[in-house]
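# Fold and geometry: a report
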Amino acid sequence: MSVKKNLEYFNNKLKNTDCTLIAVTKTHAPELIMEAYKAGCKIYGENKVQELVTKHEAMPKDIEWHMIGHLQSNKVKLITPFIYLIHSVDSTSLLKEINKQGQKAGRKINCLLQIHIAAEETKFGFSEKEAMALIDSNEFSGMTNISIIGLMGMATNTDDKEQIRKEFRGLKKIFERIKEDYHVQNLAMKELSMGMSSDYDIAIEEGSTMIRVGSAIFGKRE
Ligand SMILES: *Cc1c(COP(=O)(O)O)cnc(C)c1O
């Protein structure tokens, strides 16, 4: 297994597409991540705040860090000074806190709304209705230190490729509907974050603009 070879595979796959690779480095040591960095990869995703903060401090400063895991409101302030994009905004109260901490940090924080598309109950996220209600609210238009630049979703963990495809296709539909129907200053629908090691091919076919890939690059996690 070579991190460099794996990255070459993805770079080739995504060449001439609008889809970006987010290399998911959770649980991996900075030494291994540096192999990817030296191979030219500068966009990384983490799912835990403490790990993200530690790696941000330890790694070169030209890296784009993406928060992809469930985020607790009380930890938002630890990442707002540097985070490039938060994929996992799954509640209005969390978004409010990101807006507040964005203001303190003097930044506008790019966010994706996480939409619940899987059959499992355990995955976080808004329903389509909830997301639209949020975007439609006065509270939302008053949030001047966040920008919603798209949606994120995770498909059901299943071998049924047709089910996965249906879920991604549904997310893309929600994305297009919001893009057409809502015109608010802090909303700019550009990114659709879907697809991981097991389902990125389907996600790309269904219109993903960001795949979040961990084990297919760095190998199995402990
Ligand atoms: C871990 C993780 C990934 C990457 O998973 P792999 O199967 O290793 O590619 C993608 N998205 C989220 C939200 C994750 O937590």
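Residues numbered from 1 in each chain as written. Predicted model: local features only at pLDDT ≥ 70, side-chain atom pairs only at ≥ 80, totals over all residues. Heavy atoms only, no water.

### Considering the overall build of the protein chain
- When you go through the protein chain residue by residue, the secondary structure sums to 10 helices and eight strands.
- Its C-alpha radius of gyration of 17 Å places the protein chain within 12% of the 17 Å reference for a compact globule of 222 residues.
- When its C-alpha atoms are laid out on the principal axes, the protein chain stretches across 50 × 40 × 35 Å.
- Of all 222 residues assigned to the protein chain, the portion counted as buried reaches 50%. (Helix = DSSP H or I, 4+ residues; strand = E, 2+ residues; numbered from the N terminus. Rg over C-alpha atoms; globule rule 2.2 N^0.38 Å. Buried < 20%, exposed > 50% of the residue type's maximum accessible area, 1.4 Å probe, protein only.)

### Brief notes about empty space enclosed by the protein
- In the structure shown here, the tally under the stated rule is one cavity of 30 Å³ or more.
- In this structure, the largest cavity spans a volume of roughly 30 Å³.
- For the largest cavity, the full set of lining residues is Gln-114, Ile-115, His-116, Ile-117, Ala-118, Lys-123, Phe-124 and Met-154.
- Here the residues of the lining of the largest cavity sort into five nonpolar, two polar and one charged. (1 Å grid on protein atoms, 1.4 Å probe; cavity = no way out; pocket = protein on both sides within 12 Å on 5 of 7 lines; lining within 4 Å. Points joined across faces, edges and corners; volume = space filled by probe spheres on them. Nonpolar A, V, L, I, M, F, W, Y, C, P; charged D, E, K, R; others polar.)

### Considering the nonpolar core
- Judged by nonpolar contacts, the single largest core of 64 residues is most densely connected at Tyr-44, Ile-79, Ile-86, Ile-98, Phe-140 and Leu-151.
- Ranked by residues supplied to this core, first place goes to helix α8 (residues 161-181) with six residues.
- The residues contacting Leu-151, other than those within four sequence positions of it, are Leu-112, Leu-113, Ile-115, Leu-171, Ile-174, Phe-175, Ile-178, Met-189, Glu-191, Leu-192 and Ser-193. (Core = buried A, V, L, I, M, F, W, Y, C linked by side-chain atoms within 4.5 Å. Contact = heavy atoms within 4.5 Å.)

### Some thoughts on the side chain of His-28
- Tracing the chain through its elements places His-28 in the loop between β1 (20-24) and α2 (30-38).
- Each residue touching His-28, except ones within four places of it in the same chain, is listed here: Ile-33, Glu-51, Lys-55, Phe-218, Gly-219, Lys-220 and Arg-221.

### With respect to the site of the ligand
- Close contacts around the ligand come from Val-24, Lys-26, Ile-68, Met-154, Met-196, Ser-197, Arg-212, Val-213, Gly-214, Ser-215 and Arg-221, and that covers them all.
- Taking Arg-212, its side chain carries an N or O atom lying 2.9 Å from a nitrogen atom of the ligand.
- Between the ligand and Arg-221 there is a distance of 2.7 Å, counted from an oxygen atom to a side-chain nitrogen or oxygen.
- With the chains in place, 91% of the 390 Å² that the ligand exposes on its own is no longer accessible.
- The cavity that encloses the ligand is the largest pocket.
- Here the residues of the shell around the ligand sort into five nonpolar, three polar and three charged. (Near = heavy atom within 4 Å. Polar contact = N/O pair within 3.5 Å; in protein donor to acceptor, adjacent residues only side chain to side chain. Areas by Shrake-Rupley, 256 points an atom, 1.4 Å probe, with all protein chains shown as cover. Sits in = over half its atoms within 2 Å of the grid points.)

### A word on α8
- The end-to-end C-alpha distance of α8 is 30 Å, a good match for the 30 Å that 21 residues give at a rise of 1.5 Å each.
- Considered for burial, the residues of α8 that qualify are Ile-164, Arg-165, Glu-167, Phe-168, Leu-171, Ile-174, Phe-175 and Ile-178.
- Elements in contact with the buried residues of α8: β5 (109-115), α6 (128-136), β6 (146-153), β7 (187-193) and α9 (200-205).
- Where α8 begins, the side chain of Asp-160 points an oxygen toward the backbone nitrogen of Glu-162, at a separation of 3.1 Å. (Expected span 1.5 Å × (residues − 1).)

### What to know about α6
- All of the buried residues in α6 are Ala-131, Met-132, Leu-134 and Ile-135. Across the axial projection of α6, the buried residues extend over an arc of 160°, all falling on one side. Residues of α6 that are exposed and point over 90 degrees away from its buried face: Lys-129 and Asp-136.
- Buried-residue contacts for α6 involve α5 (92-105), β5, α7 (138-141), α8 and β7. (Arc of directions from axis to C-beta.)

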